[in-house]
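Read off the chains here:
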Amino acid sequence: MTSEFRRIGVDEVSLLIDEMFSSRRDEIEQSVPELAPVWTSDVSRAVAQTLAAYKESGIETCILTLASVYAEFDLSDTLQFHRAHQQPVTRVLDGKGLLDFWVVKVDGISEVADIFASLQGLQASSYIVSGYVRRLEHLRDLRCLVVDSLTSRCRMRPQGFEVRPGVWLAEGAQVHRRARIVAPAFLGSATKIEEQCLITRCSNVESNSQVDFGTVVEDSSVLSNSYIGMGLDLTHSVVDGSRLLNLRRDVTLEIKDPGLIGPNKSSGMDANSRSLLSFGMDSISARRERRSFNSETESTYSLL
Amino acid sequence: MSVSRPVVVMQLPEEFNAETSQAFCKEIEPLLEAHRPRIVLDCSLVRSIDGAGVEMLLHCLEEAMKRDGDLKLCCLSAQSEVVLELLRVDRVFEIFASAEEGVRSFNALPVDVIPQDAPWYSAVFGELGVLKQAS
């Protein structure tokens, strides 16, 4: 997203993050090294203060968005639309309704406690997007985004190498030669897939996770630093440490048996340190190197 | 004369793990030692079940089947069903929505009304002899 802002000539990018995510602070900050995120307990007030600072530094127009939506549209066209309509606010919407995306004339905004309520009250023009939009309100939506990404329904791609058509591996992923990865699938960095495992149907195993002997991961997302035990059938689910969300039954379970599912202790990472997805839109073409894996000449694990 | 054996319905504890499953095993053991045990385990109280609990269920099923009986489950919560699916044992057990259905399922095929000395196909082809005579 930041690179997209830079591409259309945005001068200043601010990232405001609620302190409720502070347990993932290091990971978040490492994922956006070009920005210095501001951690706040009151996002709305922090947004108002940032807009006030922009106003003081002579910035006229601001793009304001929340991380509750993934949308693909032409930002420069949105800005042009905003300038042409000369309204204080431009709201972006798709066929299903409003998106958490505003283009704001900074001098029309006063520093108020609830900036989002204040934006609602201003006269706004509507910019309708026709591109790919996915609202991220539930883990189910995240799973849909992964499926759409792996099936090329959107521009987002896994951050790794496409080693076979539809099979993506990140740096350091280890796949036992007797394990099967059936496209489309993605294995994040430092993941370990043991013997006789099967990873398939748009599944993604995120960084530092391990899938143990003989387990099938089908139509599921294993979030980072998770351990999936031996001989299991993980289907239509999202696993985050010891939490399992079964999407078909809409049931969330806290698995207390670490032999089944739990934080991956062998990864050497902090159990609380998790990122959601290793997917993005930057340098895709550079990453589309094909590398062979699972060949007979390699050792038990293929190391990338 | 054939006597229909009763179907025993037992309730599983709220937490069915390594500890509670041992105690449960002692409770169910005498039932499993009977000839052709017919057991329905009511899981309506179960809030959590782990690998050891599922192991115990499989052990009980195995023991029941060794003695020509069966062990069925009923009233599983969605959470318990997910755990059984995860451990690939959801297809091993017959699962019913209620204890009544589970009990009724044992009587679906009236095995006891078939005389034990008659051949196994007599219930299906019982009319064959009559037809043969008629021809």
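Since we're looking at a predicted model, the values are computed, not measured.

**Student:** Tell me about the overall build of chain B, residues and numbers included.
**Tutor:** Helix and strand counts for chain B come out as six helices and six strands. Order of helices (α) and strands (β) in chain B, N terminus to C terminus: β-β-α-β-β-α-β-α-β-α-α-α. Relative to its 135 residues, chain B shows a buried fraction of 27%. For chain B, the proportion of contacts with a sequence separation of at least 24, taken over those separated by at least 6, is 79%.

**Student:** Report on the overall build of chain A, specifying residues and quantitative values.
**Tutor:** The helix and strand tally for chain A stands at seven helices and 28 strands. Burial analysis of chain A (304 residues in total) assigns 32% to the buried set. The long-range fraction of contacts in chain A, counting pairs at least 24 apart against all pairs at least 6 apart in sequence, stands at 47%.

**Student:** Tell me about the nonpolar core, residues and numbers included.
**Tutor:** Ranked by size, the top nonpolar core spans 66 residues in total, and within it A:L187, A:I199, A:V217, A:I228, A:V239 and B:C43 carry the most contacts. The element that contributes the greatest number of residues to this core is helix α2 (residues 51-66) of chain B, accounting for six residues. Ignoring any residue separated from it by four or fewer positions in sequence, one finds A:V217 in contact with A:I199, A:S203, A:V205, A:V211, A:V222, A:I228 and A:L234. Within the second largest apolar cluster, 14 residues are counted, among which are A:A48, A:F101, A:V104 and A:I115.

**Student:** Lay out the sheet that holds strand β3 (residues 38-42) of chain B in plain terms, naming residues and giving numbers.
**Tutor:** Strand pairing in a sheet is mediated by backbone hydrogen bonds. Such pairs are either parallel or antiparallel. All names here are of chain B. The four strands lie next to each other as β1-β3-β5-β6, forming an open sheet whose pairing is parallel. The outermost strands of the open sheet, each flanked by one partner alone, are β1 (8-11) and β6 (95-96). Of the strand pairs in this sheet, strand β5 (residues 70-74) and β6 are connected by two bridges, and their pairing is parallel. What sits directly across from L73, in β6, is I95.

**Student:** Tell me what's going on with the packing of helix α1 (residues 18-32) of chain B against α2(B), and back it up with residues and numbers.
**Tutor:** All names here are of chain B. Across the interface, α1 lies against α2 with an axial gap of 9 Å and an inter-helix angle of 10°. Our classification of the angle between α1 and α2 gives roughly parallel. Two secondary-structure elements touch here, α1 through A18, S21, F24, C25, I28 and L32 and α2 through A52, G53, M56, C60, E63 and A64. Among the residues making up the contact of α1 with α2, the classes are represented as nine nonpolar, two polar and one charged.

**Student:** Break down unusual backbone geometry for me, with residues and values.
**Tutor:** Cis geometry is adopted by the peptide bond preceding A:P184, which originates at A:A183 and carries an omega value of -5°. Note on placement: A:P184 falls in the loop between β13 (180-181) and β14 (185-187).

**Student:** How would you sum up helix α6 (residues 139-150) of chain A? Please name residues and give values.
**Tutor:** Spacing of three or four residues puts side chains on the same side of an α-helix, whose turn is 3.6 residues. Residue and element names in this part refer to chain A. An ideal rise of 1.5 Å per residue puts 16 Å on 12 residues; α6 measures up with 17 Å between its terminal C-alpha atoms. Within α6 the residues assigned to the buried category are L142, R143, L145, V146, S149 and L150. Taken end-on, α6 shows its buried residues confined to a sector of 155°, consistent with a single buried face. S152 sits one or two residues past α6 and shows a positive phi near 60°.

**Student:** Explain the interface of chain B and chain A to me, and be specific about the residues and the numbers.
**Tutor:** At the interface, 11 residues of chain B touch 12 residues of chain A. Looking at which element gives the most residues to the side of chain B that touches chain A, the answer is helix α3 (residues 78-86) of chain B, with six residues.

**Student:** Explain the environment of A:V92 residue by residue, including any values.
**Tutor:** Residues and elements named next belong to chain A. Here V92 is to be found in strand β5 (residues 89-94). Between the alpha carbons of V92 and V103 there is a distance of 8.1 Å; along the sequence they are 11 residues apart. Sequence-distant contacts of V92, defined by excluding residues within four places in its chain, comprise T78, L99, F101, Y127 and V129.

**Student:** Tell me about the environment of B:C43, residues and numbers included.
**Tutor:** Inspection of the secondary structure puts B:C43 in the loop between β3 and β4 (48-49). Between the C-alpha atoms of B:C43 and B:C75, which are 32 residues apart in sequence, the distance is 5.3 Å.

**Student:** I'd like a description of the pairing of β3(B), backed by residues and values.
**Tutor:** Residues and elements named next belong to chain B. Here β3 lies mainly inside the structure; four of its five residues are buried. Pairing geometry for β1 and β3, over four bridges, is parallel. Looking across to β3, one finds that V8 is bridged to I39. Where β3 lies against β5, five bridges are found, and the strand directions are parallel. From the neighbouring strand, L41 faces β5, where its bridge partner is L73.

**Student:** Let's hear about the sheet that holds strand β16 (residues 198-200) of chain A: which residues, and what values?
**Tutor:** Residues and elements named next belong to chain A. Taken in spatial order, the four strands make up an open sheet running β13-β16-β19-β22, and their pairing is parallel. In the strand order of this sheet, the two ends are held by β13 and β22 (233-235), each with one partner. Note: β13 against β16, two bridges, orientation parallel. Bridging from a neighbouring strand, R180 pairs with L198 of β16.

**Student:** Let's hear about the confidence of the model for chain A: which residues, and what values?
**Tutor:** Residue and element names in this part refer to chain A. Confidence in the prediction of chain A, expressed as mean pLDDT, is 86, and 87% of residues score 70 or more. Element-level pLDDT for chain A is lowest in helix α7 (residues 284-287), with a mean of 36, against a maximum mean of 98 in strand β19 (residues 216-218). Note that pLDDT drops below 50 for residues 282-304; the model gives that stretch 33 contacts with residues more than four away or on any other chain.

**Student:** Run through the pairing of strand β6 (residues 97-105) of chain A, naming residues and quoting values.
**Tutor:** All names here are of chain A. By the bridge criterion, five bridges tie strand β3 (residues 61-65) to β6 in an arrangement that is antiparallel. In the sheet register, T61 faces β6, and the bridge partner there is K105. The antiparallel pairing of β5 with β6 creates a hairpin that spans two residues between the two strands.

**Student:** Outline helix α3 (residues 43-56) of chain A, listing residues and values.
**Tutor:** Residue and element names in this part refer to chain A. The end-to-end C-alpha separation of α3 is 20 Å, in line with the 20 Å expected for 14 residues at 1.5 Å each. On the buried face of α3, the contacting elements are β1 (16-18), β3 and α5 (115-121). One or two positions beyond α3, positive phi appears at G58, with a value near 85°.

Reading the values: rules and limits
Residues numbered from 1 in each chain as written. Chains lettered and ligands numbered in written order. Predicted model: local features only at pLDDT ≥ 70, side-chain atom pairs only at ≥ 80, totals over all residues. Helix = DSSP H or I, 4+ residues; strand = E, 2+ residues; numbered from the N terminus. Buried ≥ 20, exposed ≤ 12 C-beta atoms within 10 Å, placed from the backbone. Contact = placed C-beta atoms within 7 Å. Core = buried A, V, L, I, M, F, W, Y, C linked by C-beta atoms within 7 Å. Pairing = 2+ DSSP bridges. Axes fitted to C-alpha atoms, helices over the stretch in contact; angles between N-to-C directions. Parallel < 35°, antiparallel > 145°, perpendicular 65-115°, else oblique. Nonpolar A, V, L, I, M, F, W, Y, C, P; charged D, E, K, R; others polar. Expected span 1.5 Å × (residues − 1). Arc of directions from axis to C-beta. pLDDT = per-residue confidence, 0-100.

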